[in-house]
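# Reading the structure
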Amino acid sequence: MKRVSIVISFLFILINSLQAQRVGLVLSGGGAKGAAHIGVIKAFEENEIPIDYITGTSVGAIIGSLYAMGYTPEEMLQLLLSKEFGYWQTGTVEDDYMYYFRKPDPTPEMAHFSIDISDSLQIKTNFLPQSLINPIQMNQAFMGLYAQATAKAAWNFDNLFVPFRCIGSDIYNKKPVVFKNGDLGEAVRISMTFPLFFKPVWKDSVPMFDGGIYDNFPVKTMKEDFHPDFIFGVALSTGKSKPSDNPYNQIETMIMQETNYEVDEDDGMIIRFDMPDVSLLDFQKANEIMELGYKRTLSLIDSIKGRVHRKMPIDSLNLRRKQYKESLPPLVFKNIYITGVSEAQQKYIESQLHRDINQEFSMEEFKRVYFKILAYSKIKEITPKAIYNRLNKTFDLHLHITMSDEINIGLGGNISSHQANQLYLGLGYRYLGRYAADMNADFQVGNSFSGVMLNGRMYLQTRIPTYINWQGVFSYKRYSESQSLFYEDVVPAFIKQHELYMKLKLGFPFLNRAKAEIGFSYGQLNDYYYQNTDVSFADRDYEHSRYNLFSGSLNIEQNSLSTKNYPITGVKRTLIAQYVTGTEKYTPNVPTEPTKNNTHSWLQMKAHWEQYHELSRLFNWGYSGELVLSSKNLMENYTASIIQAPAFTPTPHSSIVFNEAFRANQYAAFGVSPILKLGKFAHFRFDLYGFLPLYEIKKHTEILENNYMVTLPYYGKFLHSFQYMGEAAFVVHLPFTSISLYANGYSYPSKNFNFGINIGYLLFNPKLLD
C-alpha cells in the first residue's frame, strides 16, 4: 500500500510539472516573409502545441500582436491579403473614403517643395518627402486595430490573450527598446517602422524605428521577461544576405545590424527560412509563404512534440479566444481632445464629426472625417490615439494635429519629341480657421500651349458641405502642323486661340464619391486663322473671329483614375450641361470685306464615361464612351465653325494636334483599351477609338470679288461619317512622373502615323465651354 502511494504521488508531481511547462514563440522580422509565421502558428494549433508567450520584431511584432489579441491564423492571413492591408502598406486612400468634393483639378506637377513662412526669421524649404509611404493610412488603422485590446489589457501586455513583447530601435542611443506596456498599436507601429519607407514614431522626444535594426530575433527578451520552458524560434533571415539586384533587399542589407539567429539546444528549437526571391513588400505572396511555413513546421512536429508534452486542445483554445474577444470593449468615442491647432481650427475639426443621440461616434465615423479633413487641406498629419474611459465605458479620442504654414510650389510639365514641350509652375496656399480656403496660381509656357490660371476656393460651414470657387483663366493655344496632317486644300495650316474668362462656381458633394458644380462664367474667345493655305502668310494677316460669351452650367463629375495620363484602374464620369449666349464678330483679312456680327444662343450637353477593370494579375481592360449633343448654330465660315466645335481628344497626342475629322457639334465616340501589366510601374496598352459625328460639319467654297475665297459651312447627312484612331504605348508610371513611348495612326488624314515620346503630363487649363 505504501508503494502504491509513492507511485501515485510521483505521477501527481509529474503531471503537475508537465502542466506547468510553458512555451515561448520568437518571431523575427523579414517583411512579407512574415506570412511564414502564420503557417508556424497554424501547425502548432492543429497539433495542440500551446503558445504561452510571444516576442516579435517588425513583421514578427505584427503577426505576434495579432495572435496575442485573439486572431486566428485564418484571420491573420485574411488580413494580410485584404485590400485594407494593401492600403496600409502603400499609404493610398480607398475609393470609399476619397473626399472627391475637396479634390483639386489635376495639374502637370511632377515635383513640389514648400516654403515655411510661419517663422518670420527664417525660410525653410522641404524638397524630399520624409518617407516613401504616406503615413495617412497607418496612423488611423493601427489605432482602430489595437485600441480595444490595449484597453482590456489596461496598457499591460501581460494581460493580453497571450503575453507579448516587441522590439523597437532608438537610433540616437543606438540600442533596442523592449515594449511591454503602453499603447499596443504604437508599440507595434514602432517595431515595423522600417527607415525610408515609413516616418519615425516619436516617443519620449526620440524618433523610434524598426526593432530589426538592433534586434531582429528577440530570444533574449523571451528569456528575460517570460522564462519559458521551451522556446521555438522562427528566423526569416540567416543574417548573411546574398548580393541582390532588388532595391528593397539592398536597403534592408544596408540598414540592418548583425543579429544572432540562434536558439540554444537546451532552450528549444529554431526553424529557418531562406526566401531570396521575396522582398519586403511582397505581401501578395502571403498565401504561398504561409503554406511554406506550415509545411516546414509539420516536418518538425514530431521533434517538437518530443520536447513539448503539454497539450492545448483546439476546442478549448477557440473557446478561450471567443470569450476574450467578446470581453473587448466596443470601440465607441465620446470625448475628443485636439492639440497642435488654434481654437478656431479645433472647432472646425470638431464640427466635421456627426454624433449620435448619445453624443457618441463610431470608428467608421472617425475614419470618414479623418480622411475628409486630411484631403487636400492645410492639415499635414493627424496622429490619433484612443484611450479607454472606464467611467463612461467609451474611448476618449486624442488627436495631435501637424499643421502646414507653407506656400507650396509645384514644378512640372512635359518633355516631348512632338511639339508638346511644356513648363509648369504652380503656387498654392491653404488656410484653415473657422473656414477652409485654398488659393492657387498656375503658369504654363510651351510651344503648344501657354496660360495662367488663378483659382480661389472657400469651403463654407453649411449643413450640406459647400464651396465657392472663383477662377480666372487666360490661355493661348497654337496649332502648327504640316498641311497633310491638318486638312486638304483650303483648311488653315496655322491656328491661334486666345481665351480669357472668369468663372464663379458653387460646388457640393454628389452621392458618395462625386461632386456637382453650378457655374456662371463670362469670357472672350479669339480665334486667328487662315481659311486657305494658298496665300502668302507674310502678305496676309490672320482672319479673326471674336466671341463674347456668357455661360451657365451644371457639372457632375467623379474621378478615381489611377494616374493623370494613361490610367489602368479607376473610373471617371462627367456630365456637363450648359446654356451659352453671346456674340460673334468676324473680321476678314481683306480690307475690302466688311466685318460681320452675329448673335448665338445654344444648349449643350456632354457626357463622358471611362473605366478600367482588372482581369488578372497581368491583364486589365478599359473602355470609354463620350456623347455630345448641342443646338449650336454654325459660325460665319467653315473654319470658324470647326475650330469652335467640340473636339474628341482621348490621347495626349490628339490633344495637341488639330484634326477636323474629330470635331463636331454633336457626336458619339467610344474606345477600348486592352492593357498588359509588365510590373508595378510599367504596362503596354493599345487604345482604339471610334468617332461618329451625328451631323458632320461640311464646307462649300465660294470665290468672291478680288478672288477672295470663303468656305461656307453646312451640316451633312445624319450619321454619314465614321472616323477612328489607334495608339500603342509603352508606359512607365514613376512616383513623380510618367514616361510614354507611343505610336499612333488616324483614319484622317489617310496614312497619317506618328511616333514619339513624352516625359511628364500633358494637361492644359480648362476651357470656357468645358
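Structure: see above.
Our subject in this report is the structure included herewith.

Criteria and cut-off values
Residues numbered from 1 in each chain as written. Predicted model: local features only at pLDDT ≥ 70, side-chain atom pairs only at ≥ 80, totals over all residues. Heavy atoms only, no water. Phe/Tyr/Trp six-rings, centres within 6.5 Å; stacked < 30°, edge-to-face > 60°. Helix = DSSP H or I, 4+ residues; strand = E, 2+ residues; numbered from the N terminus. Buried < 20%, exposed > 50% of the residue type's maximum accessible area, 1.4 Å probe, protein only. Lys NZ or Arg CZ within 6 Å of the ring centre and 35° of its normal. 1 Å grid on protein atoms, 1.4 Å probe; cavity = no way out; pocket = protein on both sides within 12 Å on 5 of 7 lines; lining within 4 Å. Points joined across faces, edges and corners; volume = space filled by probe spheres on them. Nonpolar A, V, L, I, M, F, W, Y, C, P; charged D, E, K, R; others polar. Core = buried A, V, L, I, M, F, W, Y, C linked by side-chain atoms within 4.5 Å. Pairing = 2+ DSSP bridges. Contact = heavy atoms within 4.5 Å. Axes fitted to C-alpha atoms, helices over the stretch in contact; angles between N-to-C directions. Expected span 1.5 Å × (residues − 1).

## Let's talk about the packing of aromatic side chains
Taken as a whole and assessed by the stated rule, the structure comprises 31 aromatic pairs. A centroid spacing of 6.4 Å and a plane angle of 65° characterise the contact between Trp88 and Phe142, whose relative ring orientation is edge-to-face. Of this pair, Trp88 sits in helix α5 (residues 83-90) while Phe142 sits in helix α6 (residues 136-152), and the two are 54 residues apart along the sequence. Per residue, the accessibility class of Trp88 equals that of Phe142, and both read buried. An angle of 50° between the planes, with centres 5.5 Å apart, marks the rings of Phe366 and Tyr370 as tilted. In this pair, Phe366 and Tyr370 both sit in helix α14 (residues 363-374), four residues apart, roughly one turn of the helix. Phe366 sits in the buried class, given a relative accessible area of 3%. The rings of Phe333, Phe361, Phe366, Tyr370, Phe371, Tyr388 and Phe395 are connected pair by pair, giving a single aromatic cluster. The lysine or arginine in question, Arg457, covers the ring of Tyr467, its NZ or CZ lying 4.1 Å from the ring centre. Residue placement shows Lys496 over the ring face of Tyr528; its charged tip is 5.8 Å from the ring centre.

## Observations concerning empty space enclosed by the protein
Throughout the structure, instances matching the rule amount to four cavities of 30 Å³ or more. Roughly 340 Å³ of volume is contained in the largest cavity. Residue lining of the largest cavity: 26 residues in total, with Gly31, Ile62, Met192, Phe198 and Phe283 positioned closest to the centre. Counting residues per element, the ones that place at least two in the lining of the largest cavity are α3 (59-68), α5 and α6. A per-element tally of the lining of the largest cavity places α6 first, with four residues. Of the residues in the lining of the largest cavity, the class split is 18 nonpolar, six polar and two charged.

## Some remarks on the nonpolar core
Counting residues in hydrophobic clusters, the biggest one holds 77 residues, and the most contacted among them are Leu25, Leu160, Phe164, Leu184, Phe232, Val234 and Ile304. Counting residues in each nonpolar core, the second largest holds 38 residues, with Phe366, Ile379, Ile382 and Leu432 among its members.

## Quick look at the sheet that holds strand β14 (residues 394-403)
With mixed pairing, four strands are arranged side by side in an open sheet as β12-β11-β14-β13. What marks the edges here is a single partner per strand, and that holds for β12 (361-362) and β13 (379-389). Both strand β11 (residues 332-339) and β12 contribute to a ladder of two bridges, which runs antiparallel. When the bridges of β12 are listed, Phe333 appears paired with Phe361. Of the strands in this sheet, β11, β12, β13 and β14 are in contact with α14, which crosses β13 at around 160°.

## Here we look at helix α2 (residues 35-46)
The end-to-end C-alpha separation of α2 is 17 Å, in line with the 16 Å expected for 12 residues at 1.5 Å each. When you tally the buried positions in α2, you get 11 out of 12 residues, the bulk of the element. Taken together, the buried positions of α2 are Ala35, Ala36, His37, Ile38, Gly39, Val40, Ile41, Lys42, Ala43, Phe44 and Glu45. Following α2 by one or two positions, Glu48 has its phi on the positive side, about 60°.

## Focus: the pairing of strand β22 (residues 543-559)
Across the 17 residues that make up β22, a large majority, 13, are buried. Relative to strand β23 (residues 570-587), β22 is paired through 16 bridges, and the arrangement is antiparallel. Residue pairing for β23: Ser553 is matched across the bridge by Gln578.

Remember, this is a structural readout, not a statement about activity or role.
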